[in-house]
Structures are given as C-alpha cells and as structure tokens.
There are 4 protein chains.
Amino acid sequence: MIAARVERMEIAEAVMAAGAAPQACVRSKPKCNLVSRESQDQDTVVRVGDVTIGGPRFAVIAGPCSVESAEQMVATATAVKAAGASLLRGGAFKPRTSPYSFQGMGEEGLKLLAIAREATGLPVVTEVMDSGDIPLVEEYADMIQVGARNVQNFSLLKKLGRVKRPILLKRGLMTTLDELLMSAEYILASGNSQVVLCERGIRTFETATRNTLDLSAICVLKERTHLPIIVDPSHAVGRRRFVAPMARGAMAVGADGVMVEVHCSPETALCDGEQSLTPEEFAAMMAELAVMGRPLHREL
Amino acid sequence: MIAARVERMEIAEAVMAAGAAPQACVRSKPKCNLVSRESQDQDTVVRVGDVTIGGPRFAVIAGPCSVESAEQMVATATAVKAAGASLLRGGAFKPRTSPYSFQGMGEEGLKLLAIAREATGLPVVTEVMDSGDIPLVEEYADMIQVGARNVQNFSLLKKLGRVKRPILLKRGLMTTLDELLMSAEYILASGNSQVVLCERGIRTFETATRNTLDLSAICVLKERTHLPIIVDPSHAVGRRRFVAPMARGAMAVGADGVMVEVHCSPETALCDGEQSLTPEEFAAMMAELAVMGRPLHREL
Amino acid sequence: MIAARVERMEIAEAVMAAGAAPQACVRSKPKCNLVSRESQDQDTVVRVGDVTIGGPRFAVIAGPCSVESAEQMVATATAVKAAGASLLRGGAFKPRTSPYSFQGMGEEGLKLLAIAREATGLPVVTEVMDSGDIPLVEEYADMIQVGARNVQNFSLLKKLGRVKRPILLKRGLMTTLDELLMSAEYILASGNSQVVLCERGIRTFETATRNTLDLSAICVLKERTHLPIIVDPSHAVGRRRFVAPMARGAMAVGADGVMVEVHCSPETALCDGEQSLTPEEFAAMMAELAVMGRPLHREL
Amino acid sequence: MIAARVERMEIAEAVMAAGAAPQACVRSKPKCNLVSRESQDQDTVVRVGDVTIGGPRFAVIAGPCSVESAEQMVATATAVKAAGASLLRGGAFKPRTSPYSFQGMGEEGLKLLAIAREATGLPVVTEVMDSGDIPLVEEYADMIQVGARNVQNFSLLKKLGRVKRPILLKRGLMTTLDELLMSAEYILASGNSQVVLCERGIRTFETATRNTLDLSAICVLKERTHLPIIVDPSHAVGRRRFVAPMARGAMAVGADGVMVEVHCSPETALCDGEQSLTPEEFAAMMAELAVMGRPLHREL
C-alpha cells in the first residue's frame, strides 16, 4: 500500500514533467491526510532498535549537541545510559548560523556515534542536513533527525520518505502546527510512516528564554495526529537550570518523551554548553521524571 | 518603610510639578528593584483571606469568566468549593474587544460575588479596569485583578499600590517578563507588596491555540522575583479539553497555582464558554492535580 | 444622532446594572460598525484647529517625546513650524516601563504646551493616560492622544467618546488591525467621530529595530475604514537615521500623515533622544517629503 | 582572493574530517564578515546578464509564481517586458506546504523559462530547492533564487557559493536580519560575492496580511551590508491590490528593486493567483514607480 502511494506521487510528477495538465497531480491526494486521526485513530508506535516511542514508556533521548571526540561520546553515552536514557543523540552535521562556527565532524562524527552505540547498546539519533548525505547517515544512524531549519526542506523530506529508518522531525522556529503536520505528511506520503514529531520552542517576542517552548502544541498534536510527540526543552530554554522543570512539564502535559542535551563537560562543549546538563543533573532529572511518571502512568 | 517609599515618589512628582530639574526623580529608585530576588531572597507569601498563595499549597482560583446572575454564581461557587478550589473568580467589569459585546454587570456583579462568597466562604477575585472604580471594587473584592490589557496602565498600577488588597497582575499578550516585573514594581514602589503574577499566554504566530502558554516564564520569574506566580491556562489555550493538561504542566514546572474558568453551564455562558470547564471536568482536574502534587510536594 | 447612539449604550448599561437579561445590550449594535467603509464610504476628514487630517494635505505632527521646559518647547515648536509642521506634539503624562523613569511633568507640562502653541500658532497633541485626567487634558490639548499601551483601555476609550476633542488612537504593540478598529469603534459608539488612527510599529521577533513598522497596515485600514491613518516612524524604528526613509515610505504607501519626534537638543532629551530628529534633520525630511509628495498629489 | 577564501574553509573542513581539534576551523574567519560594510564600504552591484542590481537603476523582477506552460510564460514575459521589467521570474521547483499541491514542472519548467528568455531577451530568475538540482538550474537560470524556507539550508548555501551565477537570497519568515546576513556570508565565504538580499515579509501575530512586510529592514541592511536589497511585496501582503502601494513604499525607503508576481491570467493560476498582478495592473504600477522615482533619483 505504501508502494502504491509512492507510485501515485511519482506518476503525478512524471505527468507534470511530461507537460500534461498540472492539475493531474491532485489525484494522488488520499481522502484525508495520512498523518491525521481521521486516517488512523490508533496511536503510532515508532520503533528504534529495541526502543519504542509513542507507547506507554516515556522515551528519553540524551547526549551532546555535537559529537566532538571518542572520549566525549563514550563518557556521555555511558553516563546517560546509566541514568536510564533510551536513546543517544549527537550531531555530526551541525546547522550553524555562522559559517565560521564549528560545523560538525561529518562522517568522522558518525563513526564516533557508532562506537558509543557499541559501547552502550543505545540506538543513536543524528541529523541529516543535505539530501546528498542521506545514504551516509542512514548507514550509521538508528533514527534520522530533521532539524528545525529544514522542516520545510521538502526535497529532503521526500527523500527521507524512501528511507528505512524512523525520522525525528523537529518543528521549526516559525512553523505552525498545521505546517509541521504537512511536513510529516511529505514523509508519510513518500512511504515512511515511522515519524516522531518534536516540539523544540518557537520564536516569539520574548527574549528571556532562547525560544518559547509551546507545550500546548502537545495537546493540539495529540488531537490531530496519531504520530508520537516528544519535546526538546534544551534548545527551547537555552539554559541548563530550566531544562528539568520544562521536561517535567512536557511529561505532565502528555508528551511521549523528551530529548535533552547532556555533556560530560558542558563548560568545554563546542556548541550549546550553557544549555547542556551535566551527567549528575541528568540523573537527578531522570529520578524526578520517574517519580512523577507514576501517577501519570508513564514509565521511563 | 512603605510609607516612606510612597512619600519619596510623591516628593519626586511634586518636585517635577514645580518645574524643578526632572532628573531629581531618579533619586527615588531603590538600590535594586523591590520585586527582585536581590531585594528579597525569601519567597513572598500573599494572603487572601485565609488562603495563601506562594507557600507550600497549590492555589486554585476558579469560577466563571463573567458574573451573570445570582443562580449562576452560587451554583458555580458551590461546585468549585466542593471540588477543592481555594478562591472564586468572576468578572463584573469585562474588557471586551467590541463595544457591542457584553461589558459585565458592574456593581451589580460585585454584589453577586459577595453573595457567592457568603454562601461558600471562598474569597473572591475580580478585575478592575478603571482607576475610578478602585474604591468600589476594593469594597467587594478580596483580591483585585489587573487584566492583560491593563498590565501597562501605569496610572492604574500606581493607584493599586495604595490599596489594602492583594493584587493579581496578569501578563499582557505581548509583555516581556522584564516589563511584567516593572509593572509589578509600580505597585510595590507605591506601597503594596502583596502582588501575585499570572502567566496567561502570549500572542505568537501560532493560531492553533488562542494564545501560546509560556510555561518557561515560571522558571524565569522564579529566578528573578520573590513574588508568587500562577498560570491561567483557560485564556491561553481557549479550549476546554486543553485546560487540565496545561494546568498539570503548570504545576509540574513549578507554578504556585492556577486560575481556571468554570461555568455551571458553559454552553449558555455570555463570554468564553468554549474554554470553561463544567463542574465535573473541574473536579476531575482537581483529582489529577492532587495525585500529581504528591511527588512534587504540592498540596491543594 | 450621536446623542442617540450614546443614549442607546447608556440604556443598555442601565438595563444591565438593573440585573435584566444581559443580552439586551446587543440591541445597541448598529447594522455595521461605525468605523467601517460600509457605514460610511467617504473618507473622514478630522479637524484640529485649522488643520485637517485625512484630506489632500499630508499632515506632519512634530515635537519632543516629553515636555521638559519652556525653552525646550518653544525652541522646538518654532523650529518645526518653520520647517512646515502642522501640529505640535509633546508628552506631559508619560507611560514609562519603569516607575523610576521620568514620568512627565503633568499639568505643568500641559501649560508649557499651551505656551508653545501661543508662540507658534500650532495646535497641540498630547497623551492622556488616566480617565481621571481627561478634563485637565481636554482643557489644554487640541487633540488627545491614546498611547499604544492604552489602546484596549476600554474605560478610557468610552470616556473619550464623550469629549469634544479629536482623538489620536495609536495601535498597540500587540494589537491586530481588527482590534484597533474595534477600539476606535468604542470612541465612535460613545459619540466622538473625530478619530485618527496611528500605526507605530508592532512587536515581532526582530530586534534590529525597536519595533517593526507595519506599513501594509495603511493598505488594510484604508480598505476597511473611512478614518484617517497616520504613521509614527520614530517609535517604530527607534533610531534617528531611519526616521526619514520610513516617513517617505509611509507617504508612498498612502498614509495621511506622519508623527515624528523632534528635539532641539536630542542628546540631552529625558526620553527617546536616540530616535529624535534635530531641527535640521527634520527640515531635510520635510524638503524630501515635499518633493516626493508632488507625483503622489500630496501637499504638505 | 576568493579562491584563497574557499580553500581556507575547505582546509578547515578537511582538518575537522581528519579528527583534528575542532577549534582549528575558527582560523578561517576573516577579520570582519565579508558581507559587512566594514569589509567593503562601496555598494556591490550585481550583474545578471545586461541588468544591474544595486546601482542607480531600480530593478524590477516580474513574472508568474510558477511556470505552467509555454503560452503562459511567453505571454507574461512579453507583457512585463513591454511594461519595463528588467528580469523575468518563474518557479520550476516549488516549495509547497502540502505534498498534494502542485510541486512545479521541474526541468520542463526550466526549459519554458529559457524559451521565454529567448522570446523577450529578459534574464531569468528561478529557485533551486535541492543541492542536487544546482547543476540543472545553473544551466538554465541567469540568477538562482534561494527561497524563504531554505535561507538556513546551509548545505545549499555552501554549494551556491561555488556557482558562477548571482544568487537571490530571500529572508525567511522568522529570520532575523543578523541571521540573513550570516546566511549570505555562507555564500560569500564559499566564493560567490554576487548576492542580492530580498525582504519578503516576516511572520507576526497579524493575520490581516499574509505576512508583515518589514520595510525598515532596508534601512538596517543598507547600514550593515554592501549587498543590494530588493523587496517582494507580493508574498508579503498576499493580495493583489496591496502590491503596488507596497512597491512604492519599498522604493521610497531605499530598496534597489522589487520582485512582483504577474500572471497573464491570475484567476487560473496554479499558485498564488490572488496576489498576482494582471499585465495591466503591472503596467500601471510601473508608470507610478517611474514618476515617483524621479525625485528619488531612481530610474527604472
């Protein structure tokens, strides 16, 4: 059925390329959007290795902003695993506002992620920025992240629809929830139904926090889509001491998990150190979430 | 000491009025802002009748958007009291975008609030919109609310600094947290230190919710001020079914309480019915908050 | 007819106060909003003394942010008059974020405005912040300004509807155009049809300018309302060197005038000096506007 | 010198890939950003075929949102050429929120653009969405556009830095001017100094227009960078009748040109018909701009 769907889109594109009446492509639209509750009432549970996102367990993705060295990755991965994290994050390709900022280690970084996975057993999540890098990232990552700045990079989304890995799709700083759902629709319509949405703060007039974490997005998305929703408080607030309370908030509102930045030595981090938890802070946050999860029937 | 403070401001104003060098008024500034943690490290606990806001108990203010009739007020007040609310809200003066919308019952509404208080023992919170109405509102209300649209109505704030009632100061739709704190400073600098801040959603590009509830504001405010902070999820989300999850989120992040709209018959409400909880929904929310409060050490 | 309108509102309010069915007040709504093009197709021309706003002439309101002294007011008024300004601005009551900032000279400031008017013949525009000050301001001002922070101070708006002075209503930092029109409607519905709207920048995520001047608001408002629209570039951009280009932009898009801050000595201004033009810069801007007005058929 | 710059970045990346200390790449930063006025005081003039952008002439780029057919392109191109446009626009790859909307004709569309160029002599501007399509687009286009959604697609920007075509870089809906300049810096730092910036409206709380056109961005950018700045009023306002006044505003504020959507038959357009001018409306706008340009010393 998925194949049929892809085919319909390809036919539509072929028809277009051949110069036929462009309206033709509208025929490929399903009765309702594939991401919608109308299309599928039951929650989607996404599998990443042995881990599930969207089921009763509350998923915690943790790790450094950027992959920097084997020592850093293994130390951080070991620490977050010990504290109960289910997945390891780390950026090898880094979208940076300035061309002179550290751009990530690229393939070398992917290799270090694989080493950390081997050392801990944690599946790894990492970002792809360029559709040309998809085969490379697919080879190393257990889950592929689309960053906030690429949420409407439709070429990339279409190509990720043809990939055999689950996708973590971050909301952009300027993306409405309708737009986020349509970006996810690009991936599903191209054949990949394993998509997790991630709220990570939107840009508003307020500058007291790096961005404004929109936790009500969880309510809206839970109503409209069957896809799992997680929250990244680290990028939203931009300050270490606000991460744990906002993670608790995300759980209380009904998120399926959180993604937080943890660094074995935040003060030396090449990127986003001021918002990274130390391993000790991360362990304390996990303990809080575990206790708070009980009345909410969410286990870590 | 408070009197001294007011006096200094008045002197400064008198100096100005007399045509003296305007810089003179700067002398009245305290070493640090009165609202700041530097000025007072210990949390302020605000008393409204027997109720405290800012201490270990989680305060719940509940009631209809507008006062409409004695039956509506007494029925709603009885229901929210039974479910564990600590204070009763209800608007007698209503700030409405259109001059043709219901503007509130005015003094008659204040009298109905007093009747509901007598029937239930709940202290009442109600809004004042015009500095000319302060004496009237002061006579009936246990706590006086400044609405989001008046958060920078500095004349009103100054006059509320001379009132013997605690003030509930709502953040505006586009008020930065710095501005909110400076608005509170107007009240404290004029002599009234009993101020509770209220996050109620800010205006952003997102239209899926009425406003965007900024729960990270709790973290920022808790760091910068000793004043209590509560959250109004009803106005923020604008839809009944999102109110309870966002109230849970507010508690989990660390708010000192919530203010929610409850109406004995939301479908006939003159104002904001779509975001008002029924008494049953409110009772269910209270039960959830009670359970969730345990691991967080917050009692209702 | 105006009296009839006021009366209807008062009756409605009386009915409410008497405890009658609140829906009663809805009867006072006119078939369409009084501010709308449907209600009046022809442009409203507002008269302030001998000056018109909304007709073929492009109105220029100029003067300092705050009234500070007789010398400052007379020097600035003389300079802006010489360069062709039609009205004089100056704040006696100043809405300031901090209670420790200069709050304006109050009545003394109003007297200095009157002196400057006498010296130059320019009608004066000044802000009222508190409904209790309306009689005082009315006595001195030729036009009464409602500041951005009071655009939804509905008590104030209603009372200004009963005043015999034209009103300059500034858009708030967070006010949609629909809301701005409804705020104007409060004034018209209470009996005062002499209202000029003023776009002065809205709050957005961008911090390179103080606010973001929304010149497309002119297009939208011209379509929806018959009221004149002017633009305040000074508060929007917050920097002296951007004021003249934005004033040209306002004229080119179709505004009926501009309001700009001019100070005889910006570096010593008590308020907003960095956005105030010197008299020389103001004269240069006027010369540019005069030339640019010709092909647009707008005379200064 | 440009080659040297590229080399430095490549060395930095090579160093990174080899696992060396990541700080190494910081060495490649020039003393000041290449886009800045400090780096180059004199305005950059970008050449597209015979046309210049950034010099004394006011550039007008016109054409349909999407390429739809040979007839449509040739008819529209002939009309805009006759009215005085300097460049032809038309999208072959279309970034659309929904995967079910018309996605553009792709290579076939590029061929139709080439036909329209041959028929009129107008250089063509078209968007590239995927770095994999750069060689194809480079073959057909005289100027390559980066759309608002790709303004922080840093992989794409780096690759466009190695292309021999001028780049039109559109500001994103939530891109600060600092970020826009850093995105341009990616292109310059990779070796391509022929970049034109384009303000096209930002996302704010206001919904009366599609976006909010930030004309003060022209002032800010002119101060900070030597690169030319044009304005796209069509996407900003989203309605045909607001396009001409906002184009006049852009010229009055100091833009180097405008880009407007024109369609020979807007009511049948596959995309954005409601904001496309008819050829007659476009000719009227051009006549207005020509007259208004005289006092501003801008020729079309």
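Residues numbered from 1 in each chain as written. Chains lettered and ligands numbered in written order. Predicted model: local features only at pLDDT ≥ 70, side-chain atom pairs only at ≥ 80, totals over all residues. Heavy atoms only, no water.

1. Some words on the relation of the copies chain D and chain C
Here chain D sits on chain C after a turn of 180 degrees about the axis and a move of 0.0 Å along it, with an RMSD of 0.0 Å. In short, the pair behaves as if placed about a two-fold rotation axis. Residue Gly249(D) of chain D places its C-alpha closer to the rotation axis than any other residue of that unit, at 2.1 Å. (Least-squares fit on C-alpha atoms with pLDDT ≥ 70 in both.)

2. Some words on the packing of aromatic side chains
All names here are of chain B. Following the criterion strictly, the structure yields 4 aromatic pairs over all chains and no others. Considering the side-chain rings of Phe 154 and Tyr 186, the 4.6 Å spacing of their centres and the 25 degrees angle between planes classify their relative orientation as stacked. Separated by 32 residues along the polypeptide, Phe 154 in helix α5 (residues 154–160) and Tyr 186 in helix α6 (residues 177–189) bring together distant segments of the chain. Like Tyr 186, Phe 154 is buried. (Phe/Tyr/Trp six-rings, centres within 6.5 Å; stacked < 30°, edge-to-face > 60°. Helix = DSSP H or I, 4+ residues; strand = E, 2+ residues; numbered from the N terminus. Buried < 20%, exposed > 50% of the residue type's maximum accessible area, 1.4 Å probe, protein only.)

3. Section: the relation of the copies chain A and chain D
Taken together, a rotation about one axis and a shift along it account for how the two chain copies relate. For the pair chain A and chain D, the superposition axis carries a translation of 0.0 Å, the fit reaches an RMSD of 0.0 Å, and the rotation angle comes to 180 degrees. Of the interface residues in chain A, 100% have counterparts in chain D that sit at the interface too, so the contact is made through matching surfaces. (Contact = heavy atoms within 4.5 Å.)

4. Comments concerning the interface of chain A and chain D
If you look at the interface, chain A gives 47 residues, while chain D gives 47 residues. Buried surface at the junction of chain A and chain D, summed over both partners, amounts to about 4000 Å²; 59% is from carbon and sulfur atoms. Together, Tyr100(A), Met174(A) and Arg203(A) form the three largest contributors to the area buried by chain A at its contact with chain D, with a combined 20%. Between the two partners, chain A and chain D, sit 4 salt bridges. (Buried area = accessible area lost by both parts, 1.4 Å probe. Salt bridge = Lys/Arg side-chain N within 4 Å of Asp/Glu carboxyl O.)

5. Points about the packing of helix α6 (residues 177–189) of chain C against helix α7 (residues 216–224) of chain C
Residues and elements named next belong to chain C. For the pair α6 and α7, the least separation of the axes is 11 Å and the interaxial angle reads 50 degrees. Here α6 is positioned oblique relative to α7, judged by the angle of their axes. Between α6 and α7 lies a crossing of right-handed hand. In this structure, α6 uses Leu 177, Asp 178, Leu 180 and Leu 181 to contact α7, whose residues at the interface are Ala 217, Val 220, Leu 221 and Arg 224. Residue classes in the contact of α6 with α7 are distributed as 6 nonpolar, no polar and 2 charged. (Axes fitted to C-alpha atoms, helices over the stretch in contact; angles between N-to-C directions. Parallel < 35°, antiparallel > 145°, perpendicular 65-115°, else oblique. Left-handed = near helix turned anticlockwise from the far one by under 90°. Nonpolar A, V, L, I, M, F, W, Y, C, P; charged D, E, K, R; others polar.)

6. Brief notes about the pairing of strand β3 (residues 59–63) of chain B
Put simply, side chains in a regular strand alternate between the two faces of the sheet. Residues and elements named next belong to chain B. The buried count for β3 comes to 5 of 5 residues, which makes it a mostly enclosed element. Burial along β3 is two-sided: Ala 59, Ile 61 and Gly 63 facing one way and Val 60 and Ala 62 facing the other are all buried. By the bridge criterion, 5 bridges tie β3 to strand β10 (residues 257–261) in an arrangement that is parallel. Residue pairing across strands places Ala 59 opposite Gly 257, the latter belonging to β10. (Pairing = 2+ DSSP bridges.)

7. Quick look at the interface of chain D and chain C
On the chain C side, the residues contacting the 36 residues of chain D number 36 residues. Taking both sides of the interface into account, the surface hidden between chain D and chain C amounts to around 2800 Å²; carbon and sulfur atoms contribute 70%. Contact with chain C buries area across many residues of chain D, yet Phe205(D), Glu206(D) and Glu223(D) alone supply 19% of it, more than any other trio. Across the chain D-chain C interface, the total number found is 6 salt bridges. The residue Arg239(C) makes a salt bridge to Glu223(D) at a minimum N-O spacing of 2.7 Å. For the interface between chain D and chain C, the tally reads 10 residue pairs in polar contact (both at pLDDT 80 or more). (Polar contact = N/O pair within 3.5 Å; in protein donor to acceptor, adjacent residues only side chain to side chain.)

8. A closer look at the sheet that holds strand β8 (residues 195–199) of chain B
All names here are of chain B. Read around the closed barrel, the 8 strands follow the order β3-β4-β5-β6-β7-β8-β9-β10; overall the barrel is parallel. This sheet shows a mean twist of 25 degrees between the axes of neighbouring strands, independent of strand direction. Of the pairings in the sheet, the one linking strand β4 (residues 87–89) to strand β5 (residues 124–127) comprises 2 bridges and is parallel in character. By the bridge assignment, Leu 88 is partnered in β5 with Val 124.

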